[in-house]
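# A look at the structure
Here is how the chains run, residue by residue.
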Protein chains: 4
Amino acid sequence: MIPAAVHPARSTVQSFIDVRSRSTGFCAPLETEDYVPQVASFASPPKWHLAHTTWFFEEMVLKKHLPDYQEFDSDFSFLFNSYYQSVGKRADRARRGDMTRPTVDRVKAYRIHVDQQMQLLLEQSSKSLEELVVLGLNHEQQHQELMISDLKYAFFQNPLFPVYADDADLTAQYNPPVDQPWVGMDEGIYEIGHRGDGFCFDNELGRHKVYLHQFSIANKLVTNGEYLEFLEVGGYDQFQYWLDEGWSWVQQEEASHPLYWKKQNDTWYQYTLAGLKPLDLDAILCHVSYYEANAFAHWKGLRLPTEFEWEAASAQFKWGDRWEWCESAYLPYPGFEIAPGALGEYNGKFMVNQMVLRGASSATSPGHSRSTYRNFFHPYFRWQFSGIRLVQ
Amino acid sequence: MIPAAVHPARSTVQSFIDVRSRSTGFCAPLETEDYVPQVASFASPPKWHLAHTTWFFEEMVLKKHLPDYQEFDSDFSFLFNSYYQSVGKRADRARRGDMTRPTVDRVKAYRIHVDQQMQLLLEQSSKSLEELVVLGLNHEQQHQELMISDLKYAFFQNPLFPVYADDADLTAQYNPPVDQPWVGMDEGIYEIGHRGDGFCFDNELGRHKVYLHQFSIANKLVTNGEYLEFLEVGGYDQFQYWLDEGWSWVQQEEASHPLYWKKQNDTWYQYTLAGLKPLDLDAILCHVSYYEANAFAHWKGLRLPTEFEWEAASAQFKWGDRWEWCESAYLPYPGFEIAPGALGEYNGKFMVNQMVLRGASSATSPGHSRSTYRNFFHPYFRWQFSGIRLVQ
Amino acid sequence: MIPAAVHPARSTVQSFIDVRSRSTGFCAPLETEDYVPQVASFASPPKWHLAHTTWFFEEMVLKKHLPDYQEFDSDFSFLFNSYYQSVGKRADRARRGDMTRPTVDRVKAYRIHVDQQMQLLLEQSSKSLEELVVLGLNHEQQHQELMISDLKYAFFQNPLFPVYADDADLTAQYNPPVDQPWVGMDEGIYEIGHRGDGFCFDNELGRHKVYLHQFSIANKLVTNGEYLEFLEVGGYDQFQYWLDEGWSWVQQEEASHPLYWKKQNDTWYQYTLAGLKPLDLDAILCHVSYYEANAFAHWKGLRLPTEFEWEAASAQFKWGDRWEWCESAYLPYPGFEIAPGALGEYNGKFMVNQMVLRGASSATSPGHSRSTYRNFFHPYFRWQFSGIRLVQ
Amino acid sequence: MIPAAVHPARSTVQSFIDVRSRSTGFCAPLETEDYVPQVASFASPPKWHLAHTTWFFEEMVLKKHLPDYQEFDSDFSFLFNSYYQSVGKRADRARRGDMTRPTVDRVKAYRIHVDQQMQLLLEQSSKSLEELVVLGLNHEQQHQELMISDLKYAFFQNPLFPVYADDADLTAQYNPPVDQPWVGMDEGIYEIGHRGDGFCFDNELGRHKVYLHQFSIANKLVTNGEYLEFLEVGGYDQFQYWLDEGWSWVQQEEASHPLYWKKQNDTWYQYTLAGLKPLDLDAILCHVSYYEANAFAHWKGLRLPTEFEWEAASAQFKWGDRWEWCESAYLPYPGFEIAPGALGEYNGKFMVNQMVLRGASSATSPGHSRSTYRNFFHPYFRWQFSGIRLVQ
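Residue numbers restart at each chain and count upward from 1, following the sequence in its written direction. Going through the entries in the order they are written, you letter the chains from A and number the ligands from 1. Reporting of local features is limited, given that this is a predicted model, to residues whose pLDDT is at least 70; pairs of side-chain atoms are given and counted only at 80 or more, and all residues count toward the totals for whole chains, interfaces and linings. Remark: hydrogens and water are excluded; side-chain values derive from all non-hydrogen atoms of the structure.

### Observations concerning the overall build of chain A
Helix numbering and strand numbering both begin at the N terminus, where a helix is a DSSP run of H or I of at least 4 residues and a strand a DSSP run of E of at least 2. Of regular secondary structure, chain A possesses ten helices and eleven strands. We compute the radius of gyration from the C-alpha atoms alone; for a globule the expected value is 2.2 Å times N to the 0.38, where N is the number of residues. Relative to its length of 392 residues, chain A is compact, with a C-alpha radius of gyration of 21 Å against a globular reference of 21 Å. Each principal axis of the C-alpha atoms in chain A carries an extent, and together these give about 65 × 50 × 40 Å. Burial classes follow relative accessibility: with a 1.4 Å probe on protein chains only, a residue under 20% of its type's maximum area counts as buried, one over 50% as exposed, and anything between as partly exposed. Taken across its 392 residues, chain A has 62% of its residues classed as buried.

Dropping the structure here:
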């Protein structure tokens, strides 16, 4: 099963141990072979995730803050750096699966080495260092979610449809019963962005005011059954519902259903980490692109929320099962500042051509997200656990 | 010379004659051969622009509103429709240059035929028809600007650097003298979107409130000389200034200067429709992509305006020489509604992955733009007359 | 109509006039627009063919052999050279259609200028110069055939299916009646390669012996009707008949019939330079790739001839209507020598990955081919007038 | 070390055990991770080679000839079949590295299962079955060589340059001392093709006569030192030495030296399965493409042998260290016949666009090759142990 969550109230040392062991815990059911391949440029192998998240602590924390730190392997600084930029290097991003060495065992030894040194450091560390460590843990949590979605995508390429674990379906979430299908929101000024002392990413900062006009947002997420209706009326064949680029995407991908759906003998199935399962019509829809979300909303005569509408209303509905596509491009808040050095490359570099998703998903490490959290992906991606909430 | 502008106060009939003859007037210096090729998928040939703008009036106006209208050629309805959607057809968008027939002369005859019938209709037409005609004229003005930028791009492929007309430079605009380099704008609620009776496109409608925080916007546009400094400090070689996708674009395009710049024997030149000219350092910068605009602003420690900041402040500075890149993705206003039928495909279909440009350019048909006008292009495009205004 | 042929016995001056005027004669029915586009990298525009063949005489003959020759335009030496090699330049090979200038009229003036100077030179010229001129004329004849096949391919992209000339079908050839369907050839030593004083290309030289085993070669070429049977039994759907690369080609091109065939309302048509015509089942098959030729032969339980078998037997059957695909790769004869300088790039550079075709076609300039002539193309090409002769 | 060779005189059972255990022996030094990735479409993972060679015996032998044979896993018949043809399936050829399951251990169990059943069958088998088994063993030997070259190519992608085994260099072969640098061969008729009772592939059959003109063939293969001279005179920068397609290949690949060569601090190194080693100038050149072989010969004023010249002269010189590129395209011999069924897809399917290599290499399973053996690859491939022998 997907390992349990980090308790947010724990000490940094304890959080460190919890988050770090959750990564290795997730890998426990894997065979050595499963750690290796990169089946698409966007889907890194588990071995790389394990190593890269460790690299963060070695490179950003231990080398700078632990006197006399002995690095584990001088090649790793280069091999597991996702940030370093040059033409040649960038090409390598898509070829992480070609590196069979270092082996999985050696990467695990790397983790143990760094974990030991980190615990040494953390026992004596200052508040300022803790901030950096918490950033590293949040970074690792992001990679934990990627490990799940990347593995699912990799296993899906295999005609044998491998089972990761029988209890790891991750798509069997349902909307709770609600009194009203829509939450009405008044016109006016709302405050947006992170507030308070807790951890947040730089892209949530710059709390600021926005003016929202009146809108109603759905209490429930769109279900498989509702989306199936769109398929059955020929939604994927009708240009009128789609953005122009969405329509090109449909043609090029020959898309005719959400990722992981599969029709066999007139029955719909869905691939999950627990194997191929009959499609549950009552479960919340998952693994759609922005193009699909937008087209579905258009077909319904409705639209997607902006990220500001979503955040303003988020206290009124249950969220956390799906990342929810917003009709907002990922752009800086007023007053956004890029951190100096390598950390500055974290979020601001990606502020073009991506759409915002709000919420969290059944694959998100619990405690990792919050109502101000801004996730973002290109509109064509759907290997994340993404869903649809409508607005009218 | 680029033909003179349409007088906005004229009657619809007179406007029709003016706009229509401006298109043919622009083509007067062309050789027959110049009408044919499509050198890039985004740059249609003059022949196609002349025919497609005519098709609009035949298909949307004459066939529906002029009783007993005899269509000019039954093939044209299909050949010059840019909207009709299917896989095969879309591929054709990039292959307009392959069609040598109908000839240029026949397309000119098509224009005369449709113009005559339109004038017949306009003399007797109702108010409601006039709205459609004005839309058609604005559509034609958009294509007039494209004809200019497409021809410039096509001529630039030719190592002979052909001259369209000696007085058609279109890049020799200068900032006016100003008292203050920056215009300060107060925090508060501003109204955005089109107001009043004049013509506007659907994407400007839904006048609404936005909340803006304090900002200062430049009174002047960035000049060639200022941008040259960025080149000279190695701006195109330093990842730190660029968006991640901007950097990929730089690598892939081997971009090292704005489009049309060319260094020969240590001197910078710029290709214009009046031929290759020494780069004028005092003239306003032109033909940069959003990636370049963003990187330049980043290097300056500044940023680009949002489209809302731009519109709120636009009465305070001179604009109209360059389309100005905004740090805003092209998305619907609250209350945006898609018109039914083919006209509905006009703007809403493109609301993803494009950035907004505000203002107008030296290639825009005079009278065509206004402060609420929303132009939009993919961030990598720079064959339009696009420039940079900074915000702090 | 396709202009008549050059009489081989005429003087060099007369041949020069005849060949040169045949090129312009072919272009007489064209509109100015038809001279411009390059619809595929392999299909150059008529304007370029007219200029490049002229460039040969200016660059290789006049500049070197006519004292005080004044070149027509100093840019042309660069613009119309197909041989000059560098990365940038090679890319231009596919972009000849982007150059609208020089205009067609200026290219025609170029021809007149060069023709006048050539006639001046020829009246006083030596034997050794004549050889070079004859090479230039054979070069121009090759381009005449390309002009025909390139124009056919370009017109075919146009949904209007333009007519070049009503009497220019070029596909309505028929097998003559024969006594025996097969010509039997004895095992033994045969001599291969050019003999005698007449003109030939360097790749025909090195007359040499080959040992052939017994074979029978068809007296008739495969007809449209015979090939249609292959379609009707599902030949394009059955991997077993195809070379592995041929099968990939079928998949990638979605090939299901020869180039220019088109089924409308259950009737087969064929595009010709005289327009779209019902498929004539008795006419000789045309416009097939080597992959198709090989698969058809395989389906018949037969094979294609080697180029040596073809040449050895060629006196026994009628040929000249189609280029005939041979089961021989284009490789040097024993003793093949590459000419020094630019002329050396003529044939030897292409001796890899191409298959030999023997014969001539209905689009070949009469008098241009001979039984030792070695034509060659990549196996996927079929825009030439290529057909199938079988061997058992 | 690369496991020792199969003794050709042994019984079929013994040969079976020897060949089969050589495959697993080769894999002994590998880590589990090394069995997984496919770093290029042409380079299959060791796991796949182990499984596919086993599949041959299960599918072609056991299922058809061993009564009551229980197949190991019903999925394997599909997963490890390289022949089965359809669009979707073919795409999979490049994605063998995406399949982490079945695991390496399960594939090894598959081998043991099949080996046991095969030995059972072989003890009672007829002569006719033995032929099929010998074909399977030769098939496996071909895959053994591919396993070596594929692994070398895969390891080379890793910046750590992994060592397979310290004694597995495979490039340190030297020309023996010879009396005469050239072997002269007389003009006349020679017999080509396989003769006698021993095993051969279908493409060697059809022993036939060829007529060869006088030639001299080098007694020695080209060395690293000789080839380095070509580099040092700028051979990769000069169009004149290259075939037209060879030159395109040089540009596209940015090729400037043989595969696996690497210059560091002005010293040339070569990657081998024993790690990165200084380039040995006296050793025989390895890992060149046909384009490079042809250009080198051209630069020398010489040429490559045809496959017929090579075979006719092969008794006169030592061969077996490198596959030697021939100036012959891979085409059928007169009388070539395609075997019925799946076995017929073995060789004849590839008879277009490939060049012949003769000999054997230091990576060939000893006893596998013979002087009539026809190897073949596309001219751009160089991950095999290919070298150059010159002819004048």
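### Some details on the sheet that holds strand β5 (residues 261-264) of chain D
For sheets, the rule is that strands pair by backbone hydrogen bonds, running either parallel or antiparallel. Residue and element names in this part refer to chain D. Read from one edge of the open sheet, three strands run β5-β6-β7, paired in antiparallel fashion. On the outer flanks of this sheet lie β5 and β7 (275-278), each paired with one strand and no other. Within the sheet, the average angular offset between the axes of one strand and its neighbour, ignoring direction, is 35 degrees. Sheet topology note: the strand β6 (residues 267-272)/β7 ladder contains four bridges and is antiparallel. When the sheet's bridge partners are listed, Thr272 is paired in β7 with Gly275. Here, any two strands with at least 2 DSSP bridges between them count as paired. Here an axis means a line fitted to C-alpha atoms, over the contact stretch when the element is a helix, while the angle between two N-to-C directions is reported on a 0 to 180 degree scale.

### What to know about the domain arrangement of chain A
All names here are of chain A. Entries for chain A in the domain assignment read domain 1 (12-156) and domain 2 (182-387). Here the C-alpha centroids of domain 1 and domain 2 sit 27 Å apart. Two residues form a contact once any of their heavy atoms are found within 4.5 Å. Contact with domain 1, which involves 23 residues of that partner, is made by 24 residues of domain 2. The term buried area means the drop in 1.4 Å probe accessible area that two parts suffer when joined, counted for both and summed. For the domain 1 face of the interface with domain 2, the top three residues by lost area are Glu145, Lys152 and Phe156, together amounting to 31%. Definition of a polar contact: a pair of N or O atoms within 3.5 Å, with one able to donate and the other able to accept a hydrogen when the atoms are protein atoms, and with sequence-neighbouring residues admitted only if both atoms are side-chain atoms. Taken together, the connections running from domain 1 to domain 2 amount to twelve residue pairs in polar contact (both at pLDDT 80 or more). Elements represented by at least two residues in the side of domain 1 that touches domain 2 include exactly α2 (46-65) and α6 (127-156). Looking at the side of domain 1 that touches domain 2 element by element, the count peaks at 18 residues for α6. For this classification, the nonpolar set comprises Ala, Val, Leu, Ile, Met, Phe, Trp, Tyr, Cys and Pro, the charged set comprises Asp, Glu, Lys and Arg, and every other residue, Gly included, is treated as polar. Taken together, the residues of the side of domain 1 that touches domain 2 break down into 13 nonpolar, six polar and four charged. The source of the domain bounds is an automatic or database domain assignment.

### With respect to the environment of Tyr35 of chain B
Residues and elements named next belong to chain B. Position of Tyr35 relative to the elements: it lies in the loop between α1 (12-27) and α2 (46-65). The buried category is assigned to Tyr35, whose relative accessible area is 3%. In this structure, the C-alpha to C-alpha distance between Tyr35 and Lys47, residues twelve residues apart in sequence, is 5.0 Å. Here Cys27 takes part through its backbone oxygen, which lies 3.3 Å from a polar atom of the side chain of Tyr35.

### What to know about the interface of chain C and chain B
Facing the 28 residues of chain C at the interface are 28 residues of chain B. For the pair chain C and chain B, the summed buried area comes to about 2400 Å², and 60% of that belongs to carbon and sulfur atoms. Sorting the residues of chain C by area buried against chain B places Glu33, Arg101 and Leu160 of chain C first, and these three jointly supply 29% of that buried surface. Any carboxyl oxygen of Asp or Glu that lies within 4 Å of a side-chain nitrogen of Lys or Arg is treated as forming a salt bridge with it. Connecting chain C to chain B are two salt bridges. With a shortest N-O distance of 2.5 Å, Arg101 of chain B and Asp34 of chain C are connected by a salt bridge. Here chain C is connected to chain B by ten residue pairs in polar contact (both at pLDDT 80 or more). For the side of chain C that touches chain B, the elements supplying multiple residues, two or more each, are α3 (76-79), α5 (104-123) and α6 (127-156) of chain C. Residue composition of the side of chain C that touches chain B, by class: 14 nonpolar, six polar and eight charged.

### Digging into the relation of the copies chain C and chain B
Overlaying chain C with chain B gives an RMSD of 0.0 Å, the required rotation being 180 degrees about an axis along which the chain moves by 0.0 Å. The transformation relating the two chain copies, once decomposed into turn and shift, fits a two-fold axis. A residue counts toward the fit only if its pLDDT is at least 70 in both copies, and the copies are then superposed by least squares on the C-alpha atoms of those residues.

### Some thoughts on the side chain of Asn347 of chain D
Tracing the backbone shows Asn347 of chain D in the loop between β8 (323-329) and β9 (355-359). In this structure, Asn347 of chain D is in contact with Phe201, Asp202, Asn203, Tyr330 and Phe376 of chain D, ignoring residues within four places of it in sequence.

### Section: the interface of chain A and chain B
Counting from both sides, the interface comprises 41 residues of chain A and, opposite them, 41 residues of chain B. Summing both sides of the interface, chain A and chain B together bury roughly 3300 Å²; the carbon and sulfur share of this comes to 60%. Remark: the boundary between chain A and chain B carries zero salt bridges. The dominant element in the side of chain A that touches chain B, judged by the number of residues it contributes, is helix α8 (residues 244-253) of chain A, at five residues. Its residues assigned to classes, the side of chain A that touches chain B comprises 21 nonpolar, eleven polar and nine charged.

### Points about the relation of the copies chain A and chain B
Between chain A and chain B, which share one sequence, the superposing operator has a rotation angle of 180 degrees and an axial displacement of 0.0 Å; the RMSD is 0.0 Å. Residue by residue, 100% of the interface of chain A is reproduced at the interface of chain B, so both copies engage with the same surface.

### Considerations on the sheet that holds strand β5 (residues 261-264) of chain C
Residues and elements named next belong to chain C. Spatially, three strands are ordered β5-β6-β7 in an open sheet, and the strand pairing comes out antiparallel. In this open sheet, the two edge strands, each paired with only one partner strand, are β5 and β7 (275-278). When the angles between neighbouring strand axes are averaged without regard to direction, this sheet yields 35 degrees. Across the sheet, helix α7 (residues 224-232) touches β5 and β6 (267-272), and the angle it forms with β5 is around 65 degrees.

### Looking at the arrangement of the chains
At the level of C-alpha atoms, the two units chain A and chain C stay apart, their nearest approach being 15 Å. Regarding chain B and chain D, which are not in contact, the minimum distance between any of their C-alpha atoms is 15 Å.

### A few points about the pattern of salt bridges
All names here are of chain B. Applying the stated rule across the entire model yields 68 salt bridges over all chains. Two residues, Lys63 and Glu59, come together in a salt bridge whose shortest N-O distance is 3.0 Å. Here Lys63 and its partner Glu59 are both found in helix α2, four residues apart, which amounts to about one turn of the helix. By relative accessible area, which is 21% here, Glu59 ends up partly exposed. As a salt-bridge pair, Arg370 and Glu204 come within 2.8 Å of each other at their nearest N and O atoms. On the criterion of sequence distance, the pair formed by Arg370 in the loop between β9 (355-359) and β10 (375-377) and Glu204 in the loop between β2 (188-192) and β3 (208-212) is long-range, its members being 166 residues apart. Summarising the burial analysis for this pair, Arg370 and Glu204 share the class buried.

### Some details on the packing of aromatic side chains
All names here are of chain B. When the centres of two rings from Phe, Tyr and Trp lie within 6.5 Å, Trp using its six-membered ring, the rings pair. Their planes under 30 degrees apart give stacked, over 60 give edge-to-face, and anything left gives tilted. Evaluated as defined, the whole model comprises 168 aromatic pairs over all chains. Ring centres of Phe16 and Phe57 lie 5.1 Å apart, and the angle between their planes is 80 degrees; this geometry places the pair in the edge-to-face category. One end of the pair, Phe16, is in helix α1; the other, Phe57, is in helix α2, with 41 residues separating them in the sequence. Phe57 shares its class with Phe16; the two are buried.

### Brief notes about the side chain of His139 of chain D
Residues and elements named next belong to chain D. Inspection of the secondary structure assignment puts His139 in helix α6 (residues 127-156). Look at His139 and you get buried, because its relative accessible area is 2%. Here His52 takes part through its side chain, which lies 3.1 Å from a polar atom of the side chain of His139.

### Digging into the pairing of strand β9 (residues 355-359) of chain A
Along a regular strand, successive side chains alternate from one face of the sheet to the other. Residue and element names in this part refer to chain A. Counting buried positions along β9 yields five of five residues, so the element is predominantly enclosed. Bridge count for β9 against strand β10 (residues 375-377) is three bridges, and the pairing is antiparallel. Across the sheet, residue Val356 finds its bridge partner in β10, namely Phe376.

### What about α2 of chain A?
Residues and elements named next belong to chain A. Look at α2: 28 Å from first C-alpha to last across 20 residues, which is about the 28 Å you get at 1.5 Å a residue. Bend angle per residue: angle between axes fitted to the 7 residues ending at that residue and the 7 residues starting there. Glu58 marks where α2 bends most, by close to 30 degrees. The buried fraction of α2 is high, at 17 of 20 residues. Multiplying 1.5 Å by the helix residue count minus one yields the expected span of that helix.

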